[in-house]
Amino acid sequence: MTESRPEKYVGQALKRKEDPRFITGTGHYTDDFVLPGMLHAAMVRSPYAHARITNIDTSSVDGMPGVVAVLTGEDVRAAGLGSIPVGWLLPDLKVPAHPAIAQGEVNHVGDIVAAVIAETRAQAEDAAALLAVDYEPLPSVALGSAALEQGAPQVHEDVPGNVAFRWEIGDEAALQEAFNRAHKTVKVKLRNHRLIPNAIEPRASLAQFTPASGEYTLYTTSQNPHIHRLILAAFVMGIPEHKLRVISPDVGGGFGSKIFQYQEEVIVLLAAQKLGKPVKWAARRSESFVSDMQGRDHESEAELAVDEQGRMLGLRVNTVANLGAYLTLFAPAVPTYLYGTLINGVYKFPAIHVKVTGVLTNTVPVDAYRGAGRPEATYLIERVVDVMAHELGLDPAEFRRRNFIGPDEFPYQTPVALVYDSGNYEPALDKALEMMNYAGLREEQARRRGTNKILGIGVISYLEACGLAPSALVGQLGAQAGQWESSLVRVHPTGKVELYTGSHSHGQGHETAFPQIAADELQIPIEDIELIHGDTGRMPYGWGTYGSRSAAVGGSALKMALGKITAKARKIAAHLLEVSEEDIEHEGGVFRVKGAPSQQKTFFDVALMAHLAHNLPEGMEPGLEATAFYDPKNFVYPFGTHIAVVEIDTDTGQVTLKHYGCVDDCGPLINPLIAEGQVHGGIAQGAGQALWEEAAYDEDGNLLAGTFMEYAVPRADDLPSFQIDHTVTPSPHNPLGVKGIGEAGTIASTAAVANAVMDALWHEYGIQHLDMPYTSEKVWRAIREARGGLGQAADD
């Protein structure tokens, strides 16, 4: 054992333990696995958004080099495979069938029509490109609001009017009463456009089947291996769950897109079983654009009412949520319970009412994408709050401060079901304003008016809900899953420790942060601790990583299991030292007798004796191992203030993000370096949506942004250095007090950058609102129209 250790690991900005293998190219991703006799699959995808499949001529690839088999929808039907299910059910939800391979009809560009299996990837792809498929094109629809129009094309005949659900929350009568007595109201129509996740590692799956035992092994890019195992085994394949082992090794990013069960995973499992050989599929980037679940895509109308003092009275929201062609795992929850319940934000709203219509279209399915509902809610609230501030002639920061929930009002019951655990919003706002020299920025903005380089300042104060909980509540709301997490701690005879967690890391730094928690609890060097995750065959059941739940839920389960270890170790030490437990103090990896420090046993001594069992307290079981399951009492609610500063060239419409600063509060920081890295990445993604990224479709459902030539993700030189700080308001609901940070940057930055752009255009031209992304052409046209006197508002 290493002799020395710092006094405390939690709170230290330790470099990530996992990074050396990532930056040296020695990580082990799904596509790195090569099994004996392995075959390769290539998918044949529909070029139409909506069409009948009239014929598939598999003989067209017979005799091609290396081709072993072609699977079609008929093979899926013959195998008795189930439809890919939905994981969150709402009342009267209409769920169309979602087969692994299309059966008779395709419903979006990229829908799988067939799978070609061959000896090499190149052979499979060559044959897939030549497979003869005949289609009868059908009318299609791509925009959510267009799908609701009278006479719109029907995506699925069993979903009348293309409406998957209608959902609402809040007191409509109370809201109307608030509007009746309002001093001023504003209404904003806005679009939260569609995004494509684009994780650095494209999805991949490799399946192996063992006929002798009937067991399957699936290597796949998953954020939650146990959920994959449950759904694929029990609901799709129809096999005992213990007959499927799911392994998710290093995963190169997910952002939500690797939570879900995909068609390709089912296909390689079926192919491996039919052919008796391992079968691998790995996406090309062009495939990812038309097959990975996409995000956002809301069309909304928001109305805000205030009294004479500028106090918020009520908020009315009506949203059309485009769900794409099929309902996937969390799809019904994202625009409802993860959006509508967060519409309250950080403000004291006496009344809120939210209506959401979930609509099917002939586009790639939409599900959770980094933030999942919370960015959509924050963007809507913070845009309408800014519009009202301008209408009232109030500084946007002051208007927010005036309406904050006070620190003495927690726990705080909102009008939309949620009860906030803790919060203190003003210090985060004040720190951000000071850090960014807000007063100085406003002065500079005033000096630049009338020039061709105008300044915009976007202030937003956000709140998010992390770590869905408790399981009993989310079950009542429609979740078909638990929301607890598990951890197993195994201490070896030498005192070395393995941590097993149901949480999964795909860039969050678990292999460093979780051992930091353990090292402090066990009082041993962090080098003696290893984290193991991502394999259903090695760890207790767990629900994976999404919704910033890893630290708050997975970390809490770990903390509880570690507590069991230290409690047992203390009993053993007291027994060996022949004193009572109360006389033992534990520090620096040593159990000492109080007042007699020379009488001691090291953690190694205790671990060894626990396994030798030569001298244990009477009735104690040998070994030093503990498992814990943690089901939170409530969500946790991180919050903060973000400030973006943009410069707009009024001659060209070019928007440049000049400065960005934020103050987040996620409770105590386990590792500040990791937390800041998460915030950096999140800001980049959110700013990308505001300024560049858009998954644009034409009216016929053709994706117009199908490569990085058209889909503009931000580059390093598009972004300034970020100023980052924190306040600390612990959550009372978990043993670590932590709240989650992984999605904060994305949730806040889209709205902050949008408000900055609109702040500049409002002050200079009186333009109330433009929809994102703020491309040069869009901004230039708005300025041109405003200069030409064509109206105070310019909605593009």
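Residues numbered from 1 in each chain as written. Predicted model: local features only at pLDDT ≥ 70, side-chain atom pairs only at ≥ 80, totals over all residues. Heavy atoms only, no water.

Chemist: Please clarify how the sheet that holds strand β23 (residues 590-593) should be interpreted in this entry.
Modeler: What the three strands build is an open sheet, ordered β22-β23-β24; its pairing is antiparallel. Only two strands of the sheet have a single neighbouring strand rather than two, namely β22 (584-587) and β24 (596-602). Between one strand axis and the next, the sheet turns by 35 degrees as a mean value, whatever way the strands run. Against the sheet, helix α15 (residues 550-577) contacts β22, β23 and β24, and its axis sits at roughly 125 degrees relative to β22. (Pairing = 2+ DSSP bridges. Helix = DSSP H or I, 4+ residues; strand = E, 2+ residues; numbered from the N terminus. Axes fitted to C-alpha atoms, helices over the stretch in contact; angles between N-to-C directions. Contact = heavy atoms within 4.5 Å.)

Chemist: Please explain the environment of Q678 as it appears in this structure.
Modeler: Tracing the chain through its elements places Q678 in helix α17 (residues 672-691). Using a relative accessible area of 14% as the deciding quantity, one classes Q678 as buried. Expressed as a C-alpha distance, the spacing of Q678 and G276, which sit 402 residues apart in the sequence, is 42 Å. (Buried < 20%, exposed > 50% of the residue type's maximum accessible area, 1.4 Å probe, protein only.)

Chemist: Where do I start with the pairing of strand β27 (residues 655-665) in this structure?
Modeler: In regular strands, side chains alternate between the two faces of the sheet. With eight of eleven residues buried, β27 is to be regarded as a mostly interior element. Looking at chain direction, strand β26 (residues 639-649) and β27 are connected through ten bridges and run antiparallel. The residue of β27 that forms the bridge with I643 is G661. Between β26 and β27, which pair antiparallel and follow one another directly, the connecting turn spans five residues, one of which, G653, has a positive phi of 80 degrees. Looking at chain direction, β27 and strand β28 (residues 722-726) are connected through five bridges and run parallel. Residue pairing in the sheet places G661 in a bridge with Q723 of β28. Chirality of the crossover, the property in question, places the unit of β27, α17 and β28 among those that are right-handed. (Right-handed = clockwise from strand over helix to strand, strands pointing away.)

Chemist: In this structure, what is going on with α17? I would like to understand it.
Modeler: Working note: α-helix, 3.6 residues per turn, so residues spaced by three or four point in the same direction. With 20 residues, α17 extends 28 Å between its outermost C-alpha atoms, agreeing within 8% with the 28 Å of an ideal straight helix rising 1.5 Å per residue. A large share of α17 lies buried, amounting to 15 of its 20 residues. (Expected span 1.5 Å × (residues − 1).)

Chemist: Would you mind showing me how to read the sheet that holds β27 here?
Modeler: As summarised here, the arrangement of the four strands in space is β18-β26-β27-β28, forming an open sheet in which the pairing is mixed. Since the sheet does not close on itself, it has two edges, and those belong to β18 (453-463) and β28, each with one partner. The sheet shows a mean angle of 10 degrees between the axes of neighbouring strands, direction not considered. Both β18 and β26 contribute to a ladder of eleven bridges, which runs antiparallel. Note that in β26 the partner of L455 across the bridge is E647.

Chemist: Which parts of the structure should I look at to understand the pairing of strand β14 (residues 312-322)?
Modeler: Of all eleven residues in β14, nine are buried, a share of seventy percent or more. Examined bridge by bridge, strand β13 (residues 295-306) and β14 share nine bridges and lie antiparallel to one another. Counted as the bridge partner of V306 is M312 from β14. As consecutive antiparallel partners, β13 and β14 are separated by five residues, and within that stretch G310 has a phi angle of approximately 75 degrees, a positive value. Here β14 runs beside strand β15 (residues 351-359); their pairing, made up of nine bridges, is parallel. Bridged to V320 within β15 is T357.

Chemist: Explain a nonpolar patch on the surface here, please?
Modeler: Together, F604, L608 and L612 make up a nonpolar patch on the protein surface, roughly 220 Å² of accessible area in all. When you line up the elements, F604 lands in helix α16 (residues 603-612). (Patch = residues over 30% accessible without salt bridge, like charges linked within 9 Å, V, L, I, M, F, W, Y side chains within 5 Å. Areas by Shrake-Rupley, 256 points an atom, 1.4 Å probe, with all protein chains shown as cover. Salt bridge = Lys/Arg side-chain N within 4 Å of Asp/Glu carboxyl O.)

Chemist: Mind showing me how you'd approach the packing of aromatic side chains here?
Modeler: Here the distance between the centres and the angle between the planes together describe a pair of aromatic rings. One pass over the full model with this rule turns up 23 aromatic pairs. Relative to F639, the ring of Y425 has its centre 4.8 Å away and its plane inclined at 75 degrees; by these criteria the two rings are edge-to-face. Linking Y425 in helix α11 (residues 425-435) with F639 in strand β26, this pair joins segments that are 214 residues apart in sequence. The two residues Y425 and F639 agree in class, both being buried. (Phe/Tyr/Trp six-rings, centres within 6.5 Å; stacked < 30°, edge-to-face > 60°.)

Chemist: In this structure, what is going on with the state of the cysteines? I would like to understand it.
Modeler: In protein structure, a disulfide is the covalent linkage between the sulfur atoms of two cysteines. Overall, the coordinates contain zero disulfides when judged by the stated rule. In this model C466 remains outside any disulfide bridge; the closest cysteine sulfur is found in C666, 9.1 Å from its own. Looking at C662, it has no disulfide partner, and the nearest cysteine sulfur is the one in C666, 11 Å off. (Disulfide = S-S within 2.5 Å.)

Chemist: Just checking my understanding: could you explain the confidence of the model for the chain for this structure?
Modeler: In regions of low pLDDT, the predicted coordinates are not meant to be interpreted in detail. Mean pLDDT over the chain stands at 96; residues scoring 70 or higher make up 98%. In the predicted structure, residues 790-796 sits below a pLDDT of 50 and forms 18 contacts with residues beyond four places in sequence or in another chain. (pLDDT = per-residue confidence, 0-100.)

Chemist: Any chance you could explain the nonpolar core here in plain terms?
Modeler: Soluble globular proteins tend to pack their nonpolar side chains together in the buried interior. Membership of the largest hydrophobic core comes to 171 residues, with the highest contact counts inside it found for L304, I648, L761 and Y774. With 13 residues, the top contributor of residues to this core is helix α18 (residues 744-765). Once residues lying within four places of it in the same chain are set aside, the contact partners of L761 are I648, G766, I767, L770, V779 and I783. (Core = buried A, V, L, I, M, F, W, Y, C linked by side-chain atoms within 4.5 Å.)

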